[in-house]
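Chain and residue survey
Residue-level listing of the chains:
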Amino acid sequence: MSVYDIAGLKVKIVNEKGRTKKQAIPYLAQNQDENQHIDITINVDERRVLAAMKEHPELVQDDWEYMITGSDFYTALLNFNGILLHSSCVVVDNKAYAFSADSGTGKSTHTQLWLKHFGDRAYMLNDDKPAIRLIDGKVYACGTPWSGKYDYSTPAVVELAGICFLERSKDNWIKKADTSKAVFNIFSQTLRHLSAEGMDNLFNVLEELFSKTSLYELGCNISDDAVLTAYNAMNNNQ
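Residues numbered from 1 in each chain as written. Predicted model: local features only at pLDDT ≥ 70, side-chain atom pairs only at ≥ 80, totals over all residues. Heavy atoms only, no water.

Considering the nonpolar core
Phe73, Ile83, Ile163 and Ile186 are the most contacted members of the largest nonpolar core, which has 52 residues in total. Considering every element that reaches this core, the biggest residue donor is helix α3 (residues 61-77), with seven residues. Dropping the residues within four chain positions of it, phenylalanine 73 is found in contact with Ile6, Ala7, Val11, Ile40, Ile42, Thr144 and Trp146. If you look at the next biggest cluster of nonpolar residues, it comprises 20 residues, including Val90, Val92, Leu218 and Met234. (Core = buried A, V, L, I, M, F, W, Y, C linked by side-chain atoms within 4.5 Å. Buried < 20%, exposed > 50% of the residue type's maximum accessible area, 1.4 Å probe, protein only. Helix = DSSP H or I, 4+ residues; strand = E, 2+ residues; numbered from the N terminus. Contact = heavy atoms within 4.5 Å.)

Below, the structure written as structure tokens:
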């Protein structure tokens, strides 16, 4: 059992091991006092893991422990004005840019182009499941240990410049997202199997998130021009 600093919260994970423990190492809190205030406690019952393995035997126990701890964290995060956003989130000059789309669309390919273009000015915050939180009236993107199979993440909380819904295109273009479409896009890329209270929390967070965050649609190819098209619009809130 250890205490971690994740998304600006104190998180205690009980009996963490394997992939979960390995990917959480950068998030270990300096203060491991068991009597300190804890915001979120994650304790995955082995019966839940075994039941999941029985239903989906193609995944091993370590994979299921990792996914269930992540699901528990993001469910609890709703109580702290935060959501999971399935996206690749890159930081440039201390501003975070999140690119969301269905798996296989090219999110990570696009953000890798950002890392190459901006060099030392850029780093990956989370390549799969960053947390998005409202803190003191501002929107932040946060690194978490649940960061995909390649584990590209940084334990940081960075103000969010915008969320961009990405699609493949021969030409590069960007525009402000239609609100109704953005609702569907975000809802399809976050937790959905929630209790009635959890759904209420989710919609409350999304309502405030939409009022404070710039949302975009991006069509792009694999080129440096795609990076500049996205960056120039999002950085200048165009």
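So, helix α5 (residues 179-188)
An α-helical turn contains 3.6 residues, so any two residues separated by three or four positions project in the same direction. Taken residue by residue, α5 has Ala182, Asn185 and Ile186 as its buried positions. Along the axis of α5, the buried residues cluster in a sector spanning 90°; they form a single face. Among the exposed residues of α5, those pointing more than 90 degrees away from its buried face are Ser180 and Phe184. Looking at the packing, one finds that the buried side of α5 touches β4 (82-84), β10 (157-168), α6 (196-212) and β12 (215-220). Of the residues flanking the start of α5, the one acting as N-cap is aspartate 178, its side-chain oxygen 3.1 Å from the backbone nitrogen of lysine 181. (Arc of directions from axis to C-beta. Polar contact = N/O pair within 3.5 Å; in protein donor to acceptor, adjacent residues only side chain to side chain.)

Some thoughts on the pattern of salt bridges
Under the defined criterion, the tally for this structure stands at nine salt bridges. Between aspartate 63 and arginine 19 there is a salt bridge whose closest N-O contact spans 3.7 Å. Note that aspartate 63 is positioned in helix α3 and arginine 19 in helix α1 (residues 18-24), a separation of 44 residues in sequence. Among the residues examined, aspartate 63 registers a relative accessible area of 22% and is labelled partly exposed. Among the ionic contacts, a cluster of salt bridges with common partners joins Lys175, Lys181 and Glu217. (Salt bridge = Lys/Arg side-chain N within 4 Å of Asp/Glu carboxyl O.)

Re the environment of serine 180
Tracing the backbone shows serine 180 in helix α5. C-alpha of serine 180 to C-alpha of aspartate 224: the two residues are 44 residues apart in sequence and 30 Å apart in space.

Some details on the packing of helix α2 (residues 46-55) against α3
Where α2 meets α3, the closest approach of the two axes is 9 Å, and the angle between their N-to-C directions is 120°. As summarised for this structure, α2 and α3 are arranged oblique, according to the angle between their axes. For α2 against α3, the interelement crossing comes out right-handed. In this structure, α2 uses Glu46, Arg48, Val49, Ala52 and Met53 to contact α3, whose residues at the interface are Gln61, Trp64, Glu65, Ile68 and Asp72. Partitioned by chemical class, the residues of the contact of α2 with α3 number five nonpolar, one polar and four charged. (Axes fitted to C-alpha atoms, helices over the stretch in contact; angles between N-to-C directions. Parallel < 35°, antiparallel > 145°, perpendicular 65-115°, else oblique. Left-handed = near helix turned anticlockwise from the far one by under 90°. Nonpolar A, V, L, I, M, F, W, Y, C, P; charged D, E, K, R; others polar.)

What to know about helix α7 (residues 224-235)
Between its first and last C-alpha, α7 extends 16 Å over 12 residues, near the 16 Å set by a 1.5 Å rise per residue. The set of residues buried in α7 consists of Ala226, Val227, Thr229, Ala230, Tyr231, Ala233 and Met234. (Expected span 1.5 Å × (residues − 1).)

Quick look at the sheet that holds strand β2 (residues 9-13)
Strand order in this open sheet of three strands is β1-β2-β3, and the pairing throughout is mixed. The open sheet has two edge strands with one neighbour each: β1 (2-6) and β3 (40-42). The sheet shows a mean angle of 30° between the axes of neighbouring strands, taken without regard to direction. Sheet topology places β1 next to β2; five bridges connect them, and they run antiparallel. Directly across from valine 3, in β2, lies its bridge partner lysine 12. (Pairing = 2+ DSSP bridges.)

As for the pairing of β12
Across the six residues of β12, six count as buried, placing the element largely inside the fold. Residue alternation in β12 divides its side chains into two sets, Leu215, Glu217 and Gly219 and Tyr216, Leu218 and Cys220, and both sets are buried. Of the strand pairs in this sheet, β10 and β12 are connected by six bridges, and their pairing is parallel. In the strand pairing of β12, glutamate 167 is matched with glycine 219.

Section: the pairing of strand β9 (residues 138-142)
Summarising burial for β9: four of the five residues are buried, a large majority. Counted between consecutive antiparallel strands, the loop separating strand β8 (residues 131-135) from β9 contains two residues, among which aspartate 136 sits at a positive phi close to 50°. Relative to β10, β9 runs antiparallel, the two sharing three bridges. The partner of alanine 141 across the bridge, within β10, is valine 158.

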